[in-house]
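Single-letter residue listing:
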Amino acid sequence: MNMPSTPERGTAVGARAPGADGEPGGTAAGKWWPLVAIALGGFLLLVDVTIVISALPRIADGLDASLTSLQWVMDGYALALAALLMVAGSTADLFGRRRSYTAGLVLFALASLACGLAPDAGALIAARAVQGAGAAAMFATNAPLLMAAYQGRDRGVAFGVWGGTSGAAAAIGPVLGGLLTEYVNWRAIFLVNLPLTALAVWITLRRVHESYGDRTARIDWPGAGCFTVSAGALTYGLMRGSDRGWTEAGTLVSLGAAALALLVFVLVERRVGRPLFDLGLLRRPSFAALLAAALLLQAAAFPYLTFVGLWVQNIVGLSPVQAGLAVTPMALMSLLVGALGGGRLQRMAPQLPVGVGMLLVGAGVLLQWALLDDGSGWAALVPGLSVSGAGIGMAMPVLVPAALGAAPPQRAGMASGAVNTFRQLGFALGIAVLGTVFASALHHIRAGASRAAAGAAYVSGLTDIMLLSGVVAVAGGLLVLAVVRRGGGGGEGPDARPSAEADARTEAGASAGT
């Protein structure tokens, strides 16, 4: 997985970091313009993961969209982001990080416009996938651009602000989506991106300098293509199987194509000189377990909230704003735990915060499963969401540093890129799998069924997916506690960051809550 290399080695010849004497932004206040541009883009790409949740019922009404279509509205974005994140970093190294970031912003804006104008569900899903492609270019370049722009104490401040902004995106997304949906229109959740991306592009072109990575490296296009096909076919096969049956020809072809593409990916990565992902990293037990944890944590902690959002609006009767507020205890508790325990968590043996954090996530989801029944309201979710949020605040900030510690120093960028990719892939697959379980419960609702019957079906589906999510999180936590050990990368713990690149990747992983 060729991720951006160390900015200090890759900075464009003759370019000085913004803030240098005589350069634009050289004043004490002006030097922070690159941070504004990058943090704004990071906020937009992460908030668009969750801003849609509160708008899903209105989207379904406005576009006559099925449950499967709503799943794809969520998954189209996450899947494109996951599939293209690996190759986006390599492309940015070769063609320029500022250029790639700007192109990502422009593509993200155009796709947001297409989302806002979508005449039907199919057009919206396609536009969401393009939006995810733009987000991949933005996400892959955020940390290297900050590394190139700031040094010393300023770098720590920049990454702190960027991380806080990214964490806030997870908390604000459902509420912002609810406000725009309720008081404007569901289309506004996408159209609001246009002026903000325009501002980010303008600041980037004026204040952010170009930098490069290893420009002699070749991009592993065959590996990238096989990975993308495998992830996409697997997700499509899972959703199609839920809708049309597991023995239906299209379902079997999709799942078979996913397996074949994965096999070809393995063969390609074993033969190319500079692979997208070095399969040798999987022979390190700690790294392999952390990669699995990244996928399982993301799959267990967040996708079920998509279906909770449908329940609280369609059955409980909350407005979009109230629905957004109903799920914020998780994000707020995550921010609180991360802020208060950040330094202590990083000094612990990595299996403790990651493993125990995943156990707390599982406990929180299972608590929601235990408290939810046909007569429940949104308040039944609050205790479990709070416990899960505490677990997320423990596990997420340590996940990427732990992976860096479990990998050789020269593979720091690849290791963190793999973890971030598997996180997004976990979200996409979680939506697909949980959607299959949830849809099976809703199939029992007959035309003309009473509101009580519909509510019972929704609760049945929610409890099923909560039970599954909780068990997955607990299993992941036990795996981490059993397998991961400090120094799994040959004497390097998560605190030992061998390069500036590792610093950037550590901050990148710590910042994103979703």
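Residues numbered from 1 in each chain as written. Predicted model: local features only at pLDDT ≥ 70, side-chain atom pairs only at ≥ 80, totals over all residues. Heavy atoms only, no water.

K.L.:
Sorry, what's going on with the nonpolar core here?
P.N.:
The nonpolar side chains of soluble globular proteins are, as a tendency, buried together. Counting 150 residues, the largest nonpolar core has V52, I59, L124, F277, F287, Y304 and W311 as the members making the most contacts within it. Examining the composition of this core, we find that 15 residues originate from one element, helix α18 (residues 412-442), more than from any other. Apart from residues no more than four positions distant in its own chain, Y304 is found in contact with M330, V365, Q368, L385, L434, I465, M466 and S469. (Core = buried A, V, L, I, M, F, W, Y, C linked by side-chain atoms within 4.5 Å. Buried < 20%, exposed > 50% of the residue type's maximum accessible area, 1.4 Å probe, protein only. Helix = DSSP H or I, 4+ residues; strand = E, 2+ residues; numbered from the N terminus. Contact = heavy atoms within 4.5 Å.)

K.L.:
Help me understand the packing of aromatic side chains, please; the structure alone is not making it clear to me.
P.N.:
When we look at a pair of aromatic rings, we describe it by the centre distance and by the angle of the planes. For the structure on display, the rule yields six aromatic pairs. Taken together, a centroid distance of 5.2 Å and an interplanar angle of 25 degrees make the contact between W32 and Y150 stacked. Placement of the pair is W32 in the loop between α1 (7-10) and α2 (33-50) and Y150 in the loop between α6 (121-149) and α7 (152-183), with a sequence separation of 118 residues. For Y150, a relative accessible area of 2% translates into the label buried. Aromatic pair F227 and F265: ring centres 5.8 Å apart, planes at 55 degrees, arrangement tilted. Here F227, found in helix α10 (residues 221-244), pairs with F265, found in helix α11 (residues 249-271); they are 38 residues apart in sequence, far enough to count as distant. The pair formed by F227 and F265 is uniform in burial state, with each residue classed as buried. Clustering of aromatic rings is evident, with ring pairs tying together F307, F438 and Y458. (Phe/Tyr/Trp six-rings, centres within 6.5 Å; stacked < 30°, edge-to-face > 60°.)

K.L.:
Got a minute to help me understand unusual backbone geometry in this structure?
P.N.:
Only a minority of non-glycine residues have a phi that is not negative, and only a minority of peptide bonds are not trans. Located in the positive-phi region is D64, a residue other than glycine, with phi close to 50 degrees. Residue placement: D64 occurs in the loop between α3 (56-63) and α4 (67-95). Its relative accessible area of 71% is what places D64 among the exposed residues.

Shape is all these values report; function is a separate question.
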